[in-house]
Amino acid sequence: MKRFSILILTLCLCLTGCGKQTTEATAQIFAMDTVMEVAAYGEHAEQAVKYTEKRIEELENRLSRTKAHSLVSGLNRDGSIRHLTYDYWNLIARAKEYRDATNGAFDITIAPVMDAWGFTGDSFRVPEQSELDTLLKKVNSDAIQMLGSPSDSVTLGEGQAIDLGGIAKGYTSDCVEAVFYDHEIENGKISLGGNVFVLGTKPDGSDWRVGIKDPRNESGLAAILSLRDAYAITSGGYERYFEENGKTYHHIIDPATGYPADSGLLSVTVVADANGPDQEWVLPGNGTMCDAFSTALFVMGEEQALDFWRNGGYDFDLVLVTEDGRVVITAGLADRFEEVKDSGYTYETVS
Amino acid sequence: MKRFPELKPNFWDVIVVLAVIALAALSAMTVWRGGTETGTLTAVVTADGQEIDRFAPADLLDAPRTYSYNGVTLTVAAEDGNGLRVSSSDCPTQDCVRTGTISRSGQSIVCLPARIVIQLIGGAADSSGVDIVIG
């Protein structure tokens, strides 16, 4: 019988030698007015992707401004909301924090101004200055009152309405990162309409290669980043716009003027590290931060954006694409960055 | 001089050896299956996440392809024999048409109203090949 011991040994090796089996699961999800792509690699990849889809649906139902029964619609309709769960309460609190940090360049109370331009329902128009002036008086999220436990309530200022479109996708990516950890995913990615979170490396051990779209050429790239365990979120005026009388109006409204931001930038990409697995609650993390800052820094323009990067007290890096044909990269990305040949841009690293 | 016992493989030894080889081959196949994705550049069309078509971009030179989903009809045409683009769509936003031409692996055209995504996969890995495009 000795001879069969070899066979038994081989069988044991086959069954145990490879340890956990890594499987791949992917999905394409239409939500939040965009298409999302999720991929997960790990023993529980299927469950992770299924749960991700469920979580995104739940987030959209809570954060959408166009769904009548969402938390945001309720708050805008009634002016206040009580007994919010800790995570959503924190999301609004964080939005207020980013408003203060960026001196108002990011503000969720911009909603009525977005409506006036028609960016909420795709019925675009250029509002009268007098109309904008009236609406701008209501734009200031400092007027939102937040009360913590026991009731966790939010009360808007008189006549205010909020739109979480500037952070909803970023927060969704924070939530997906947590889903990945819960399901012991080793490598994964979620791209949400151009924003991305990558967990670990690619399954082959190399970094994820993330291309930043060229704002001047829809099918070209302006830069390539090599990333692992990171968020990269881009805002650009070219994403959504309309033309009237030969003039182009894009969707990133400067809360100071009520007009599309005209700061000399074509796009802003904010890059930050993953939040990591030690989170008790799924609170807004670096995904939310990158989303808010990509909008705010687009509004600010190059000089102010770089100043904020240096002195703002937050840990992130930047890729700025300017109207005058430059790609400006902050020092933290210097060794994770690649130029694109024949893109026509000149590349500068700043510190 | 001490002699080793004569080794004479019998039928069962052969069976064991064959079984070990078979198991080794099976294990190797399990590990290698679904490995690196190479091959020719291929366009994959999905509607609501479900694949509805798959073709080589060059096939479009013969005839453009038309897809209807979610009340929207769009046409995909070849561009210089290399890439492809959405040449027309009756969707309200026209973002898919404005996206222009895609020609490299990893690029995609999305028509949100139609819930259709046209994505290029495979193809020779070149230095600019990216996994994800943002912006």
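Residues numbered from 1 in each chain as written. Chains lettered and ligands numbered in written order. Predicted model: local features only at pLDDT ≥ 70, side-chain atom pairs only at ≥ 80, totals over all residues. Heavy atoms only, no water.

The name that an unreviewed UniProt entry assigns to chain B is NusG domain II-containing protein, with the source organism given as Dysosmobacter segnis.

An unreviewed UniProt entry lists chain A under the name FAD:protein FMN transferase, with Dysosmobacter segnis as the source organism. Turning to chain A, the UniProt record has this under Catalytic activity (unreviewed entry): "L-threonyl-[protein] + FAD = FMN-L-threonyl-[protein] + AMP + H(+)". (UniProt positions renumbered as here; feature names shortened; annotations may be inferred.)

A.B. asks: Would you mind showing me how to read empty space enclosed by the protein here?
C.D. replies: Take a probe with the size of a water molecule and roll it over the atoms, and the empty space left behind shows itself. Applying the stated rule across the entire model yields one cavity of 30 Å³ or more. Here the largest cavity defines a volume of roughly 60 Å³. A class-by-class count of the residues in the lining of the largest cavity yields five nonpolar, three polar and two charged. (1 Å grid on protein atoms, 1.4 Å probe; cavity = no way out; pocket = protein on both sides within 12 Å on 5 of 7 lines; lining within 4 Å. Points joined across faces, edges and corners; volume = space filled by probe spheres on them. Nonpolar A, V, L, I, M, F, W, Y, C, P; charged D, E, K, R; others polar.)

A.B. asks: Please explain the layout of surface pockets as it appears in this structure.
C.D. replies: Residue and element names in this part refer to chain A. Of the volumes computed, that of the second largest pocket is approximately 350 Å³. In terms of lining residues, the second largest pocket is bounded by 16 residues, among which Gly-237, Thr-248, His-250, Ala-261 and Glu-323 are the most central. Contributions of two or more residues to the lining of the second largest pocket are made by strand 12 (247-250) and strand 13 (265-273). Looking at which element gives the most residues to the lining of the second largest pocket, the answer is strand 12, with four residues. Each residue belonging to the lining of the second largest pocket can be placed in one class, and the counts come to ten nonpolar, three polar and three charged. (Helix = DSSP H or I, 4+ residues; strand = E, 2+ residues; numbered from the N terminus.)

A.B. asks: I'm lost on the nonpolar core in this one. Help?
C.D. replies: For soluble globular proteins, nonpolar side chains are generally found buried alongside one another. All names here are of chain A. If you look at the biggest cluster of nonpolar residues, it comprises 71 residues, and the most contacted ones within it are Ile-162, Phe-293, Leu-297, Phe-316 and Leu-318. With nine residues, helix 8 (residues 286-300) is the single largest residue contributor to this core. Counting the residues that make up this core, at least three belong to each of domain 1 (71-155) and domain 2 (166-350). Beyond its immediate sequence surroundings of up to four residues, Phe-316 is in contact with Val-270, Val-271, Ala-272, Met-289, Phe-293, Leu-297, Phe-308 and Trp-309. (Core = buried A, V, L, I, M, F, W, Y, C linked by side-chain atoms within 4.5 Å. Buried < 20%, exposed > 50% of the residue type's maximum accessible area, 1.4 Å probe, protein only. Domains from an automatic or database assignment. Contact = heavy atoms within 4.5 Å.)

A.B. asks: Hey, could you run me through the UniProt feature "binding site: Mg(2+)" (unreviewed entry) in chain A in this one?
C.D. replies: Residues and elements named next belong to chain A. UniProt tags Gly-166, Asp-291 and Thr-295 as "binding site: Mg(2+)" (unreviewed entry). These annotated residues cover 130 residues of sequence, and their C-alpha atoms all fall within 7.0 Å of one another, placing them together at a single site. For Gly-166, the contacting residues outside a window of four places in its chain are Phe-106, Asp-291, Ala-292 and Thr-295. With respect to the helices and strands, Asp-291 occurs in helix 8. Classification of Asp-291 by relative accessible area gives buried; the value is 6%.

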